[in-house]
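Structure assessment
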Amino acid sequence: MSTSKKWFLGLLPVVLLALMIVGLFSGIDRLIPRANIPLEEISFDRVWVVEGKILAKVTNTGADPVTIAQVTVNDAMWNADVSKSELGRFDQSDITIPFHWVEGEPYVVTLVTSTGAKFTGEIAAAMEVSQATPATFGLYALIGLFVGVIPVLLGMLWKPFVAKLGGKSYTFVLAVTIGLLIFLGVDSLNEAFELADQIPGAFQGVGIILLGGLGSFLILSAISSYTEARQGDPASYQAKLTVAYLVALGIGIHNLGEGLAIGAAFTLGNVAMGAFLIMGFTLHNITEGLAIVAPVAREKTKGSNLFIHLLILGAMGGVPAILGTWIGGFVYSPIWSLIFLSIGAGAIFQVVIQVFRLERSESNRATFLTPVGVAGLLTGIVVMYITALFVTV
Amino acid sequence: MNKDKQNGSDETFSSFFSRRKFLKAGIGGALGIAGMATWLFPKWIRGEDHMADASNPHDHSNHGGSGMDQVHSMNKKASANAYQSAQQALTTFDYGKVSKLPDGRTLREYTMLAQDNEIEVAPGVFYPAWTYNGTAPGPTIRATEGDLLRIKFDNGSAHPHTIHFHGIHPGNMDGSFEIVQPGKSFTYEFTAEPFGLHLYHCHSMPLKKHIEKGLYGAFIIDPKEPRKKMKELVMVMNAFDTDFDGENEFYTVNGLANAFLDHPIQLKVGEEVRIYLVNVTEFDLINSFHLHGNMFKLYRTGTSLTHYEITDTVMLCQGERSVLEFSYKFPGKYMFHAHQSEFAELGWMGLFEVTE
């Protein structure tokens, strides 16, 4: 087959499709009447209060343009500053409502469009949110430090202990790591699906999960087979270090997602639950440090650059939590949470496969399906289950 | 205000672990999360609610604040057309085409056209109304007791309608059973009685839909010996369910939310005013009228020339109406509104501006 013929056959359906679309919008569309009912939909991205004001950020997530005509607060027409009242699809608007709100009381902000449709955003209990100041940046960094960096580094201190373990004990530790990671992955995925249900349909939450989750899984898989092909021996120092980096990357993205949610919680003025919740996360995330360090636990730090690598690994795993609290605290949107949760889930599942292959290369057989391996795996899940109790009620 | 904000965040930082903040945030914050959460947060964060329930909800403080908010004011004004329509309903009376019958009685002939018409019911909010002569409320029909009324009704709407007048008339002129199909006509003919303030509305089924859509208006029958000459105003209390969920979004007099708040009605000190007040509000059981800084003489249904009481608030069921008479002793701005605060804040509020 000649090249031109190949291209012709390849492009033919595309050209015909283009012709069909042109035809559809230049006459045929008149044969297919569109219901004369506006499909309006305004989603509240966020509603919050500051001193003397109720604020809201909204998006037109419907199929048609909308015009915001009136704003009511708790069923009373109210003066409001609307940054943009005529919204095209996916246009955003900021609503600023001067209001003497009462702390702890619920508020319902309703937008009435020019066609009389109503869309409502709720504040279950009004609480002042913190503004982006150096002080709050510092506070959020501190939270991120406690939630991400400290537990990861603490967990990595198990390295010398794990290094002393031989044979079955080491298999056990790696199996525990896999158990931890599976728990984290399933948990992220579950959260992602819950979130996907709640965001406006136009954002296609499940599509984001598929793209983010499967995308990160496949991209990391491609990276690791590329590096493996170059490094040859899967049991080499370089290969193990690569696995550790992949684990750190996966956990880092997961912690970013976690940080987002925590930052957003604090933004709502929920400072009180902080100390208790932070303790829970520290406990929960200490296991992540173990997961990062396990692949390279037996490598010597002396005479190599491993120590520096360990610091970088720790930072990769933990620091994103700080970034997450900042993003979550000041520019939170559930869409971002969903994106990072999905990417994190994909990355973690990829890492599970990496650790699995690492162990097999060490012993030349699949030892995870031995009693020791299974015990380790279940132990990992149980540990996560128990530490998760501190952050769940 | 910036100063306040600054203080707020500093406090957040410095009292991060303080007991007071713990309680305070425990209540509001965690509840806040429970609410917003539904789409902001993963479950493990939401889990905090239960802890919050246990804490003590005592730290409620009133946020004083900007002082810049003009309560009850709206962010934009209605179109001139919408206001004109409300104003027209306030001060315009349709006396019909007047002629004398051979027996000396007065004949008044009116024409009414049912029309589907989009009207502005609150600034920027448009409602697909069913109207008599293009507006909701329709024209105020006015006659004198004993006149013969001939009302030609043309149905230009896409739906079957009637006109049902309150008052005394034969059963076949009642507009209940003689349904007028789209494109058809019907002429109602009866003698105007008794004197008083009445109303008319469509009586096609489903009745609720035909009334809430805007098919109503005031119907005044003057006594043969006219009432004292005064400045006369018609106020038809109605409401609109703009999203069709069986509850009203906006409450108005004469069809436009806050029409007379944005354009106060001008009066003079001592000027005598008579209001013909009709309630046709659908869905809500009652509506009311409350006058600031004054009392009015209340003539229930306007069927007696002796007032029923002197008051500043009157409550009316759907279909009830009253004539109110008053004059202002002092100059100033005086509100009038429904004394259901909810209705008042959803558009049923106006102002008299009284000058010397």
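The residue numbering used here restarts from 1 in each chain and proceeds along that chain's sequence as written. To label them, take the chains in the order written and letter them from A, then take the ligands in the order written and number them from 1. Per-residue local features of the predicted model are confined to residues with pLDDT of at least 70, and side-chain atom pairs are confined, for both listing and counting, to 80 or more; whole-chain, interface and lining totals are unaffected and use all residues.

Going by an unreviewed UniProt entry, chain B carries the name Copper-containing nitrite reductase and comes from Croceifilum oryzae. UniProt positions are given in the numbering used here, feature names are shortened, and annotations may be inferred rather than shown by experiment. In the Sequence similarities (unreviewed entry) part of its UniProt record, chain B is described as follows: "Belongs to the multicopper oxidase family."

Naming follows an unreviewed UniProt entry, where chain A appears as Zinc transporter ZupT of Croceifilum oryzae.

1. Quick word on the overall build of chain A
A tally of helices and strands in chain A yields 11 helices and 8 strands. Residue burial is a threshold on neighbouring C-beta atoms within 10 Å of the residue's own C-beta, all placed from the backbone, with 20 or more meaning buried, 12 or fewer meaning exposed, and counts in between meaning partly exposed. Looking at the 393 residues of chain A, the share that counts as buried comes to 51%. Partitioning the contacts of chain A with sequence separation of at least 6, the portion at a separation of at least 24 is 80%. By the criteria applied, helices consist of DSSP H or I runs no shorter than four residues and strands consist of E runs no shorter than two, each listed in order from the N terminus. Two residues qualify as a contact pair if the distance between their C-beta atoms, derived from the backbone, is within 7 Å.

2. A short note on the overall build of chain B
When helices and strands are counted, chain B shows 8 helices and 20 strands. Across the 356 residues of chain B, 45% fall into the buried class.

3. Thoughts on the packing of helix α2 (residues 134-156) of chain A against helix α8 (residues 306-318) of chain A
Residue and element names in this part refer to chain A. A fitted line through C-alpha atoms represents every axis, and for helices the fit uses only the stretch in contact; the resulting angles, taken between N-to-C directions, go from 0 to 180 degrees. The geometry of α2 relative to α8 is characterised by a closest axis approach of 8 Å and an angle of 140 degrees between their N-to-C directions. Relative to α8, the element α2 lies oblique. Crossing of α2 over α8 shows right-handed handedness. Across the interface between the two elements, Gly148, Val149, Val152, Leu153 and Met156 from α2 touch Leu310, Gly314, Gly317 and Gly318 from α8. Throughout, the term roughly parallel applies to angles under 35 degrees, roughly antiparallel to angles over 145, roughly perpendicular to angles from 65 to 115, and oblique to all others. A clockwise turn of the near helix away from the far one marks a right-handed crossing, whereas an anticlockwise turn of less than a right angle marks a left-handed crossing.

4. What to know about the UniProt feature "domain: Plastocyanin-like" (unreviewed entry) in chain B
Residues and elements named next belong to chain B. Mapped onto the present numbering, the UniProt feature "domain: Plastocyanin-like" (unreviewed entry) falls on residues 119-225 and 250-355. What you have in residues 119-225 is 6% helix and 43% strand, and the ends, taken at the C-alpha atoms, are 38 Å apart. Helix and strand shares over residues 250-355 are 8% and 50% respectively, and the end C-alpha atoms of the span are 30 Å apart.

5. Focus on the sheet that holds strand β2 (residues 53-60) of chain A
DSSP calls a pair of strands paired once it identifies at least 2 bridges connecting them. Pairing within the open sheet is antiparallel, and its 4 strands lie in the order β1-β2-β6-β4 (chain A). Edge positions in the open sheet fall to β1 (42-50) and β4 (81-82) of chain A, since each of these has one partner strand only.

6. Topic: the nonpolar core
Note that soluble globular proteins tend to have their nonpolar side chains buried in a common cluster. Counting residues in hydrophobic clusters, the biggest one holds 113 residues, and the most contacted among them are B:Val121, B:Val236, B:Phe250, B:Tyr276, B:Val278 and B:Trp348. It is strand β10 (residues 231-240) of chain B that contributes the most residues to this core, 7 residues altogether. Ignoring any residue separated from it by four or fewer positions in sequence, one finds B:Tyr276 in contact with B:Leu197, B:Ala218, B:Ile220, B:Val234 and B:Val323. Within the second largest apolar cluster, 76 residues are counted, among which are A:Tyr170, A:Phe217, A:Val319 and A:Ile327. In this description, a nonpolar core means buried residues of the types Ala, Val, Leu, Ile, Met, Phe, Trp, Tyr and Cys, linked to one another by C-beta atoms lying within 7 Å.

7. Digging into the sheet that holds strand β19 (residues 332-337) of chain B
Residues and elements named next belong to chain B. If you walk across this open sheet you meet the 5 strands as β12-β20-β19-β14-β17, and the pairing is mixed. Strands with a single pairing partner mark the edges of an open sheet, and in this sheet they are β12 (265-268) and β17 (313-317). Within the sheet, the average angular offset between the axes of one strand and its neighbour, ignoring direction, is 25 degrees. Relative to strand β20 (residues 349-355), β12 runs parallel, the two being bridged by 4 bridges. Note that in β20 the partner of Lys268 across the bridge is Thr355.

8. A look at the domain arrangement of chain A
Residue ranges assigned to the domains are those given by an automatic or database domain assignment. Structurally, chain A comprises domain 1 (42-123) and domain 2 (134-391). Between domain 1 of chain A and domain 2 of chain A, the C-alpha centre-to-centre distance is 38 Å.

9. Points about the UniProt feature "transmembrane region" (unreviewed entry) in chain A
Residues and elements named next belong to chain A. Those residues carrying the UniProt feature "transmembrane region" (unreviewed entry) are residues 137-158, 170-189, 201-223, 243-266, 272-294, 306-329, 335-356 and 368-391 in this numbering. Helix and strand shares over residues 201-223 are 83% and 0% respectively, and the end C-alpha atoms of the span are 33 Å apart. For the annotated span residues 306-329, helix accounts for 96% and strand for 0% of the residues, and the straight-line distance between the end C-alpha atoms is 35 Å.

10. Some details on α2(A)
Taking 1.5 Å as the rise per residue, α2(A) with 23 residues should run 33 Å; its terminal C-alpha atoms sit 31 Å apart, in good agreement. Taken as a whole, α2(A) carries its principal kink of about 45 degrees at A:Leu145. Expected span, for any helix, means 1.5 Å times one less than how many residues it has. Two axes define the bend at a residue: one fitted to the seven residues ending there, one fitted to the seven starting there, and the bend is the angle between them.

11. Topic: the packing of α2(A) against helix α9 (residues 320-331) of chain A
Residues and elements named next belong to chain A. At their nearest, the axes of α2 and α9 sit 7 Å apart, and the two run at 140 degrees to each other. In terms of orientation, α2 lies oblique with respect to α9. Crossing of α2 over α9 shows right-handed handedness. The segment α2 lies against α9, with Thr136, Phe137, Tyr140, Ala141, Ile143, Gly144, Leu145, Val147, Gly148 and Val149 engaging Pro320, Ala321, Ile322, Gly324, Thr325, Trp326 and Gly329. In this count, Pro and Cys sit with the nonpolar residues alongside Ala, Val, Leu, Ile, Met, Phe, Trp and Tyr, while Asp, Glu, Lys and Arg are called charged and the others, Gly among them, polar. When grouped by side-chain class, the residues that make up the contact of α2 with α9 number 11 nonpolar, 6 polar and no charged.

12. Considering unusual backbone geometry
Each neighbour pair has its own omega, and for B:Ala136 with B:Pro137 the value is 5 degrees, a cis peptide bond. Relative to the elements of secondary structure, B:Pro137 occurs in the loop between β3 (125-132) and β4 (141-144). A cis amide bond links B:Glu193 with the next residue in sequence, B:Pro194, at an omega value of -10 degrees. Position of B:Pro194 among the secondary structure elements: in the loop between β7 (185-191) and β8 (196-201). Of note, the phi angle at A:Asn74 is positive, near 45 degrees, even though the residue is not glycine. Turning to its location among the elements, A:Asn74 is positioned in the loop between β3 (66-73) and β4.

13. Thoughts on the environment of A:Glu359
Counting through the fold element by element, A:Glu359 comes out in helix α10 (residues 334-363). Through-space distance from the C-alpha of A:Glu359 to that of A:Leu174 is 7.3 Å; in sequence the pair is 185 residues apart.

14. Regarding helix α1 (residues 3-25) of chain A
Residues and elements named next belong to chain A. Helix length check: α1 (23 residues) gives 33 Å between terminal C-alpha atoms against 33 Å at 1.5 Å per residue, within 8%. At Leu11, α1 shows its maximal bend, which comes to roughly 40 degrees, and the proline Pro13 appears one to four places after that position. Within α1, only 0 of the 23 residues are buried, which leaves the element largely exposed.

15. Here we look at the pairing of β20(B)
Examined bridge by bridge, β19(B) and β20(B) share 6 bridges and lie antiparallel to one another. Looking at the pairing, B:Gly332 lines up with B:Val354 of β20(B).

16. Topic: the confidence of the model for chain B
Interpreting fine coordinate detail is not advised for predicted regions of low pLDDT. pLDDT: the predictor's confidence for each residue, scored from 0 to 100. Per-residue pLDDT for chain B averages 83, and the proportion of residues at 70 or more is 79%. Interface confidence for the predicted complex, given as ipTM, is 0.74, next to a pTM of 0.70.

17. Details of the environment of B:Asn117
All names here are of chain B. Note on placement: Asn117 falls in strand β2 (residues 106-122). The exposure class of Asn117 is partly exposed, given the 18 C-beta atoms found within 10 Å. In the structure, Asn117 is positioned 10 residues away from Tyr127 in sequence and 8.3 Å away in space, judged by C-alpha atoms. Each residue touching Asn117, except ones within four places of it in the same chain, is listed here: Ala129, Thr131 and Gly134.

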